[in-house]
Amino acid sequence: MREFRYERAADPASAVALLAAEPEGAFLGGGTNLVDLMKLGVATPDVLVDVRRLTSAEVAELPDGGLRIGAAVPNADLAADRRVRERFPVLSQALLAGASGQLRNRATTGGNLLQRTRCSYFTDVTRPCNKRSPGSGCGALQGVHRNHAVLGQTLEGPATCVATHPSDMAVALAALDAVIRVLGPDGEREVPMAELHRLPGDDATRDTTLRHGELVTAIDLPPLGMPSRYRKVRDRASFAFALVSIAAAVRVADGVVDDVRLAFGGVAHKPWRATTAEDALRGRPATEESFAAAADAELAAATPLRDNAFKVPLARNLVVRTLLQLTEGAR
Amino acid sequence: MTTVDRLVGAGVERIDGPAKVRGTAPYAYEQDPGEPICSVAVVQSTVNRGRITRLDPTAAEAMPGVLAVLTPANAPRLGEGLASDLPVLQSLDVHYQGQIVAAVVAESSEIAKAAVGAVAVEYAAHEPDVVLSTDRPDLYAPPQLMAGYETDSVIGDVEGALAAAAVTVDATYETPTQHNNPIEMHTSMARWDGDRLTLWDANQGPHNIVNDLMTAFGLERGQVRVISPYVGGAFGSKAFTHPNQILAAMAAKVVGRTVVFELTRQQMFCLVGHRTPTIQRVRLGADAEGRLTAISHEVVEHTSRISEFAEQTATPTRVLYAAPHRRTTHRLARLDVPPPTIMRAPGETPGMFALESAMDELAHSLGIDPVELRVRNEPERDPERDVPWSSRNLVACLRTGAERFGWAGRDLRPGVREDGRWLVGTGVAAATYPARRRKAECRITGHGDGRWTVEIDGSDIGTGAWTALTQISADALGVGLGAVELRIGDSDLPFAGGAGGSTGLASWGSAIVLTAREVRRQLDERYGGQLPADGIVVKGEVPGPSPHAEQYSMHAFGAHFVEVRVDRDTGEVRLPRASSVYAAGTIVNARTARSQFLGGFSMGVSMALHEGTIADERLGHYVNHDLAEYHVATNADIGDIDIHWLDEDDPYVNELGIKGIGEIGITGAAAAVANAYWHATGLRVRDLPITPDKYFRALGQG
Amino acid sequence: MDTQITLRVDGADHPLTVDTRTTLLDALRERLRITSPKKGCDHGQCGACTVLLDGRRVNSCLVLAVTVDDAEVITSDGLAAGGEHPLHRAFLDNDAFQCGYCTPGQVCSAAGVLAEARAGWPSTVTDDLTADEVDLTDDEIRDRMSGNLCRCAAYAHIVLAVAAVAEAEGVRR
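Residues numbered from 1 in each chain as written. Chains lettered and ligands numbered in written order. Predicted model: local features only at pLDDT ≥ 70, side-chain atom pairs only at ≥ 80, totals over all residues. Heavy atoms only, no water.

J.: Just to check I follow, could you spell out the overall build of chain A for this structure?
T.: Looking only at helices and strands, one finds 13 helices and 12 strands in chain A. Computed over its C-alpha atoms, the radius of gyration of chain A comes to 19 Å, within 12% of the 20 Å expected for a compact globule of 331 residues. Dimensions of chain A, computed from the C-alpha atoms along their principal axes, are close to 60 × 50 × 35 Å. Taken over 331 residues, chain A has a buried fraction of 64%. Put simply, chain A shows about 11,100 Å² of open surface, and 49% of that area lies on carbon and sulfur atoms. When the 40 positive and 39 negative side-chain charges of chain A are each reduced to one mean point, those points stand 5 Å apart. (Helix = DSSP H or I, 4+ residues; strand = E, 2+ residues; numbered from the N terminus. Rg over C-alpha atoms; globule rule 2.2 N^0.38 Å. Buried < 20%, exposed > 50% of the residue type's maximum accessible area, 1.4 Å probe, protein only. Areas by Shrake-Rupley, 256 points an atom, 1.4 Å probe, with all protein chains shown as cover. Lys, Arg positive; Asp, Glu negative; His and termini not counted. Charge placed at Lys NZ, Arg CZ, Asp CG, Glu CD.)

See below:
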């Protein structure tokens, strides 16, 4: 691990100012991902600005019935928050499906959003990886990629990347149309969840649209008003990253889909909001056939690799199964 | 004199238990060497085969806190005769990816690890050759297999019998590379006092390690002491010396300080061995009633360029079922991989997956209950050695297990049971493991006040040996547990082979019993049966294998019954319940034995559903080299497990009738799971592990 | 970069000098030689290093020591101030370990599980997310304890041990 200076700040603004002056510095939240990456030599900050207790660790009511989640709220507390459990069960379930009890106690909401891919070519500095070392190649493309992306990858050129985003929580937030509140050197701004994470495109090094020195201070959840659910499929029963996961919410009126939200985890470089499937479902009968057709429409864009084509039927089945469960009794 | 049954068999609580639950039992790193400890970290090759062309340690050497950077250019020369990858830093040649090419010794672990990144290394390398296949032209027959087994066995006319059989199975099964991954990483702490070396070390048998250290550093016995009273799991990887012990001693010598080399989890995937992958073709021929006429089991597996490790994969097939025509073969490929080693039940574990899966396929072809098929093929005598069994209760295990599990009335058809979205199935497989005894020595000291000290270099790698050996000692001496002080895990103690091959209690326990007999004899002859006031010291030993080992075939047996549920939408697999029944001779400690059976079986479930190390065929490295990516079963993966054993009195295996139980639990377990998976889904997955992707592959959807 | 901190561990204050890179786990094991928490992976993947940090179970291998110089650290050895904690007894009664290396982490994790259950926290196998009280069924224990790998696979016995204490504490019906 590279040597670094450890700094605490009095408030978020001074933390932002501190980091703005340190091009190779980083914010430290719970550390569950950053410290890991520093040990691996993947992250090499020369300054750590500790923000774990700078931002709010509270979940607060918003006037519209939504919730504002402080960036420092530990994942465990957020999952257990009664309002989240009652109004946004998809978020509670996503959090509980992630990592382990110990990690959820330490990891923060803001940090969870910004965690980096667990692609083993990325986390091993002796391997080619365009995300870690642009232009070095993508080891996973022709290598071991059973658990890599099937949607939205960059499959050629110097930004080739087939990594997935590892967060469960972020998948739920994508489905919930969350808004990320960010404090930067130029002041505050709001980033819709759909615009926070990015596909590798022509620059695989950037996971998000945040700029250096920008600090996530809170996450706003607009009211949902629909039953919701998170379902994660993984290689073992617990404590593993998703093969494919789904965050879903749906409202049915008179047997017809009135509103629906769908997002996938484990299939792309970012939480994959399935807008094509949503569009295909709105106004359609809430039937297994509609659900399957919508899933197929979304997944038609999939470009699976040699060894991960199973994710396509798995994602399809998850859509159908989860929507059937959510609409049981309303169909 | 026979042993007293007072304590042997009782479920005595672990005597090392209180310290272990609090965390105060000192494992290797936790011993006190009496001075501050320096840290070793290593630079590893990033190529599989080649030669170092440049190695520049100057930047690392210049870092504050770095005491030394050892390279092939400056490392002390080691003695001749070290095998495999033990000649650490003795050459510029690279034989596998991950090989140690330089080592940093520093004041702290942070400094050592940071300095590793500052060592520049370049190589001239060959393309890696890491893919095992059955059509490689370089497959060869090793002279013999591990543990001295013959490479091949041929009886009768297998091809003719298969051609004439009413029903046949011809299937190929694959098991992946697996890693032992004890939770305590291999750790060696070394201190030199003049020309005497002390190594606090995580291993399965200090005497095993001492010999290589003597060779490496030109020492006499008595100049090396290896201390290992508590070991945080091993499963085979800590059986033999690996580069870590040699390097720790070398580094301590160079810097003149106590050093510790604690491997990282990632390094555990290349520096301390693994289980070879296997490709196994099994052919079975049977008559219409299910009596086997032919068994053929052909194994292809790998070894490294610098070692020959020939896993005895088909050897259980030589003992499990009767058939007049039979053949087993083993062929190896030398690949650019780290040296393989033993991993829990080497041979039996992968071999039984293939054989017991094939038996399930045969039962289906015949329309016979798979328990009944096995019963019909029960051999009267060892089918290849043609000697009687010292004891064999496989049929009783199958019958008892079937009853405990509720097997009766099972529908033979696959893929027809549903519970909501779960597909439900059940499966069975047999278990077997050889019962062996090895040479071991023991010293018993009777103190004038009625206390006894029993000394033997046995190991407790989690088996319960601390407790079981104390029980055996107390019984053998005719005293209570509290009167016995046991000392194990130290090479200064009387010789014993390591904990491995399920030989520990059989060998060490026998040595204790025989030595205690000599104690009694001396007390009776010289002291009128009373312990003299100034005490008594008696040495004894068990010379090696049982004197009956030639005339009898000696094995433990068992049977696993499992229920498996497969999510029809996702291919997720769950194991809600299982029954495992064993006939393994004398059970010394009912409490710790249950844990060993449970742990072995559960590791077999882990093998079936989760475990597999994946090599990148182009880059040549093991990709999933940590515990986030190399999946082992978590708590949530193991359901209700019913463990049971039968009373079995075997007068031939050893003084105590012990067959050894460290390994039998894992044998056959993966087959039972795979068979239940097939029964649930109608899909036969013949390559482990059975992960969700394989469900879709089997359905033709990916 | 060396920094002076004070770690409060099992009720005792320990002033010490650490590198900013030093993790809480390494500060305990390598600097203070408090070796009840174990190192099994150093990356938060095995749970052997679990301690209670201000009463919550965490992986001490991923916590930088400089960040917790005002916190209270409890290891398995300090759970009952020198005495035998009910979890210690339950692990012994149920032989919920073999090699013992993951065990102090399992014990601390179990202590965390019990506290989380008392607080009414759900898990991923909880059917009714809105329930006020947690019933630590076997499946609940299995899921909640899955951040602690046990290669000896004493899992089924760990469930028994945690269940025994949960029952005594009224968080299991």
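J.: Looking at this structure, how should I read the sheet that holds strand 2 (residues 50–56) of chain B?
T.: Within a sheet, each strand pairs with its neighbour through backbone hydrogen bonds, oriented either parallel or antiparallel. Residue and element names in this part refer to chain B. Within the open sheet, the three strands sit side by side as 4-2-6. Their pairing is antiparallel. Looking at strand neighbours, the two that pair on one side only are strand 4 (93–94) and strand 6 (120–125), the edges of this open sheet. Pairing of strand 2 with strand 6, which is carried by six bridges, proceeds in the antiparallel orientation. Considered in strand 6, the bridge of G50 is made with A125. (Pairing = 2+ DSSP bridges.)

J.: Looking at this structure, how should I read the nonpolar core?
T.: For soluble globular proteins, nonpolar side chains are generally found buried alongside one another. Core analysis: the largest hydrophobic core is formed by 258 residues, its most contacted members being L262(A), F264(A), L213(B), F217(B), L247(B), L284(B) and F597(B). L247(B) has contacts with V40(B), V42(B), L70(B), V88(B), L89(B), I100(B), A103(B) and F261(B), leaving out every residue within four places of it along the chain. If you look at the next biggest cluster of nonpolar residues, it comprises 51 residues, including F4(A), C119(A), V144(A) and L24(C). (Core = buried A, V, L, I, M, F, W, Y, C linked by side-chain atoms within 4.5 Å. Contact = heavy atoms within 4.5 Å.)

J.: I tried to follow the pairing of strand 7 (residues 187–192) of chain A on my own but got confused; where do I start?
T.: Remark: a regular strand shows side chains that alternate across the two faces of the sheet. Sheet topology note: the strand 6 (residues 179–184) of chain A/strand 7 of chain A ladder contains six bridges and is antiparallel. Bridged to V182(A) within strand 7 of chain A is R189(A).

J.: Would you mind going over the sheet that holds strand 2 (residues 12–19) of chain C with me for this structure?
T.: All names here are of chain C. The five strands lie next to each other as 2-1-5-3-4, forming an open sheet whose pairing is mixed. Edge positions in the open sheet fall to strand 2 and strand 4 (56–59), since each of these has one partner strand only. Along the sheet, successive strands turn relative to each other by an average axial angle of 40°, direction set aside. Relative to strand 4, strand 3 (residues 50–53) runs antiparallel, the two being bridged by four bridges. Along strand 4, the bridge assignment pairs L52 with R57. (Axes fitted to C-alpha atoms, helices over the stretch in contact; angles between N-to-C directions.)

J.: Mind showing me how you'd approach the domain arrangement of chain C here?
T.: Residues and elements named next belong to chain C. Here chain C is described as being made up of domain 1 (2–79) and domain 2 (86–168). Placing a centre on the C-alpha atoms of domain 1 and another on those of domain 2 gives a separation of 22 Å. Taken residue by residue, the interface counts 17 residues in domain 1 and 17 residues in domain 2. Carbon and sulfur atoms supply 57% of the area buried between domain 1 and domain 2, which totals about 1,300 Å² over both sides. Taken as a group, K38, R57 and S76 account for 41% of the area that domain 1 buries against domain 2, more than any other trio of residues on that side. (Domains from an automatic or database assignment. Buried area = accessible area lost by both parts, 1.4 Å probe.)

J.: Explanation requested: the interface of chain C and chain B in the structure shown.
T.: Accessible area lost when the parts come together is the quantity often used to give the size of an interface. The partner chain B presents 63 residues to the 55 residues of chain C that form the contact. Joining chain C to chain B, the criterion identifies 10 salt bridges. Residue K113(B) pairs with D42(C) through a salt bridge whose shortest N-O separation is 3.9 Å. Between chain C and chain B we count 39 residue pairs in polar contact (both at pLDDT 80 or more) in total. Every element with two or more residues in the side of chain C that touches chain B is listed here: helix 1 (24–31), helix 2 (86–93), helix 3 (103–118), helix 4 (138–144) and helix 5 (155–169) of chain C. Looking at the side of chain C that touches chain B residue by residue, the classes come out as 20 nonpolar, 16 polar and 19 charged. (Salt bridge = Lys/Arg side-chain N within 4 Å of Asp/Glu carboxyl O. Polar contact = N/O pair within 3.5 Å; in protein donor to acceptor, adjacent residues only side chain to side chain. Nonpolar A, V, L, I, M, F, W, Y, C, P; charged D, E, K, R; others polar.)

J.: In this structure, what is going on with the packing of aromatic side chains? I would like to understand it.
T.: Aromatic ring pairs are described here by two measures, namely the spacing of the ring centres and the angle between the planes. Within the structure shown, the criterion is met by 14 aromatic pairs over all chains. Judged by centre distance (5.2 Å) and plane angle (75°), the rings of W407(B) and F561(B) are edge-to-face. Linking W407(B) in the loop between helix 9 (394–405) and strand 17 (418–419) with F561(B) in strand 23 (residues 553–567), this pair joins segments that are 154 residues apart in sequence. Classification of W407(B) by relative accessible area gives buried; the value is 5%. Each residue in the set Y27(B), Y230(B), W466(B) and Y101(C) is aromatic and connected to the rest through ring pairs, giving one cluster. (Phe/Tyr/Trp six-rings, centres within 6.5 Å; stacked < 30°, edge-to-face > 60°.)

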